[in-house]
Amino acid sequence: MASLSPPSTRPGISAVALASLAFLTLQNCANMLVIRISKTQPGLPYSTAILVALGELAKAFVSVALIYATGEDSQYRQGLLPAFQSTLPVMLVPAGIYSIQNQLFIGAGAYLSSPVLVASNQLKLVMAGVFSYVLLGRILTARQWGAVLALCCGVMMVTWPSDASSSSSPSSSWGTLMSGLTLMLGATACSGFAGVYTE
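Residues numbered from 1 in each chain as written. Predicted model: local features only at pLDDT ≥ 70, side-chain atom pairs only at ≥ 80, totals over all residues. Heavy atoms only, no water.

### What about the overall build of the protein chain?
(1) Moving on: Helices and strands together make up the secondary structure of the protein chain, namely 7 helices and 0 strands.
(2) Moving on: Overall, the protein chain shows an N-to-C arrangement of helices and strands of α-α-α-α-α-α-α.
(3) Moving on: Counting over 199 residues, the protein chain shows a buried share of 27%.
(4) Moving on: Long-range contacts, defined here as pairs at least 24 residues apart, represent 79% of the contacts in the protein chain between residues at least 6 apart.
(5) Moving on: With the model as given, the accessible surface of the protein chain reaches about 12200 Å², and the carbon-plus-sulfur share is 71%. (Helix = DSSP H or I, 4+ residues; strand = E, 2+ residues; numbered from the N terminus. Buried < 20%, exposed > 50% of the residue type's maximum accessible area, 1.4 Å probe, protein only. Contact = heavy atoms within 4.5 Å. Areas by Shrake-Rupley, 256 points an atom, 1.4 Å probe, with all protein chains shown as cover.)

Right, dumping it as structure tokens:
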């Protein structure tokens, strides 16, 4: 396999960063669809904890493969073990919170339709903005708060039940919709907090 150079030795985005982005995008999209389909179709129940663990193992495997693809003298590989040892205790907190977030997200998948699930998942950006203000004291500009407000309005428009929705839709009843949105709000709060905590 060809050696990939680290981002600091050449301008632009590295191949490792592009490969990571592509994998995470595909993995997150597939994860949402598989959760939604598996939670609404009849069949054998499964443990959501195992699903979360398998997803995280897939990410770890791809991460290690990408690090080894960078070559022996790569700054990625040379700095991996010392960085891992120094940050492990600190990273256990967000790792636990992300596990809770994934459990809540899977639970929400049983109550919300796919478009509502994807749209309400964008609230994690709102939560990250709120937690960065509360925990880090960062002041968002009026433009940034306007973007947060526009995002909230967009999520509300997508999640608001319409009169034309069929009774077979999982989000057709108000109680089901509120249960799913409550789980999703918890998941996005966990995501926002864990993201800001790592800063």
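Additional details are given in the paragraphs that follow.
### Quick word on the packing of aromatic side chains
Two aromatic rings are characterised by how far apart their centres lie and by the angle between their planes.
(1) Moving on: One pass over the structure, following the stated rule, counts 2 aromatic pairs.
(2) Moving on: Look at Phe131 and Phe193: their rings are 5.7 Å apart centre to centre, the planes differ by 75°, and that puts the pair in the edge-to-face class. Here the residue Phe131 occupies a position in helix H5 (residues 123-136), and Phe193 occupies one in helix H7 (residues 174-198), the gap between them amounting to 62 residues.
(3) Moving on: With relative accessibility at 26%, the residue Phe193 sits in the partly exposed group.
(4) Moving on: Cluster of aromatic residues (ring-pair linked, three or more members): Phe131, Phe193 and Tyr197. (Phe/Tyr/Trp six-rings, centres within 6.5 Å; stacked < 30°, edge-to-face > 60°.)

### Some words on the side chain of Asn121
(1) Moving on: Its place among the elements puts Asn121 in helix H4 (residues 114-121).
(2) Moving on: Apart from residues no more than four positions distant in its own chain, Asn121 is found in contact with Met32, Phe105, Met184 and Thr188.

### Considerations on the nonpolar core
A general tendency of soluble globular proteins is for nonpolar side chains to be buried together.
(1) Moving on: In this structure, Met32, Ile35, Val52, Phe105, Ile106, Ala108, Leu112, Val116, Leu117, Leu177, Met184 and Ala187 together form the largest nonpolar core, which totals 12 residues.
(2) Moving on: Those elements that provide at least two residues to this core are helix H1 (15-40), helix H3 (75-109), H4 and H7.
(3) Moving on: Contacts of Phe105, omitting those with residues within four sequence positions, involve Met32, Ile35, Leu117, Asn121, Met184 and Ala187. (Core = buried A, V, L, I, M, F, W, Y, C linked by side-chain atoms within 4.5 Å.)

### Topic: the confidence of the model for the protein chain
(1) Moving on: Mean pLDDT over the protein chain works out to 76, with 78% of the residues at or above the 70 mark.
(2) Moving on: This stretch, residues 1-10, has a pLDDT under 50; its non-local contacts, to residues over four places away or in other chains, come to 18 contacts.
(3) Moving on: Note that pLDDT drops below 50 for residues 164-168; the model gives that stretch 2 contacts with residues more than four away or on any other chain. (pLDDT = per-residue confidence, 0-100.)

### Observations regarding the packing of H4 against H7
(1) Moving on: Put simply, H4 and H7 touch, their axes get as near as 10 Å, and they point 30° apart. Between H4 and H7 lies a crossing of right-handed hand. On H7, the residues that touch Val116, Leu117, Ser120 and Asn121 of H4 are Leu177, Leu181, Met184 and Thr188.
(2) Moving on: A breakdown of the residues in the contact of H4 with H7 according to their chemical character gives 5 nonpolar, 3 polar and no charged. (Axes fitted to C-alpha atoms, helices over the stretch in contact; angles between N-to-C directions. Left-handed = near helix turned anticlockwise from the far one by under 90°. Nonpolar A, V, L, I, M, F, W, Y, C, P; charged D, E, K, R; others polar.)

### Observations concerning the packing of H5 against H7
(1) Moving on: Direction vectors running N to C along H5 and H7 enclose 45°, while the axes themselves pass 8 Å from each other. Here H5 is positioned oblique relative to H7, judged by the angle of their axes. Once H5 is placed against H7, the crossing between them reads as right-handed. Along its contact with H5, which presents Leu123, Lys124, Met127, Ala128, Phe131, Ser132, Leu135 and Leu136, the element H7 presents Leu185, Thr188, Ala189, Ser191, Gly192, Phe193 and Val196.
(2) Moving on: For the contact of H5 with H7, a count of residues per class yields 10 nonpolar, 4 polar and 1 charged. (Parallel < 35°, antiparallel > 145°, perpendicular 65-115°, else oblique.)

### Describing H5
(1) Moving on: End to end, H5 covers 19 Å across 14 residues, agreeing with the expected 20 Å (1.5 Å per residue, within 8%).
(2) Moving on: Taken together, the buried positions of H5 are Leu123, Val126, Met127, Gly129 and Ser132.
(3) Moving on: Following H5 by one or two positions, Gly137 adopts a phi angle in the positive range, close to 70°. (Expected span 1.5 Å × (residues − 1).)

### Notes on a nonpolar patch on the surface
(1) Moving on: Taken together, the side chains of Val130, Tyr133, Val134, Leu135, Leu136, Ile139 and Trp145 make up a nonpolar region of the molecular surface, amounting to roughly 660 Å² of accessible area.
(2) Moving on: Tracing the backbone through its elements, the reader meets Tyr133 in helix H5. (Patch = residues over 30% accessible without salt bridge, like charges linked within 9 Å, V, L, I, M, F, W, Y side chains within 5 Å. Salt bridge = Lys/Arg side-chain N within 4 Å of Asp/Glu carboxyl O.)

### Here we look at the environment of Glu199
(1) Moving on: Tracing the backbone through its elements, the reader meets Glu199 in the segment after H7.
(2) Moving on: Aside from chain neighbours lying at most four places away, what touches Glu199 is Leu136 and Arg138.

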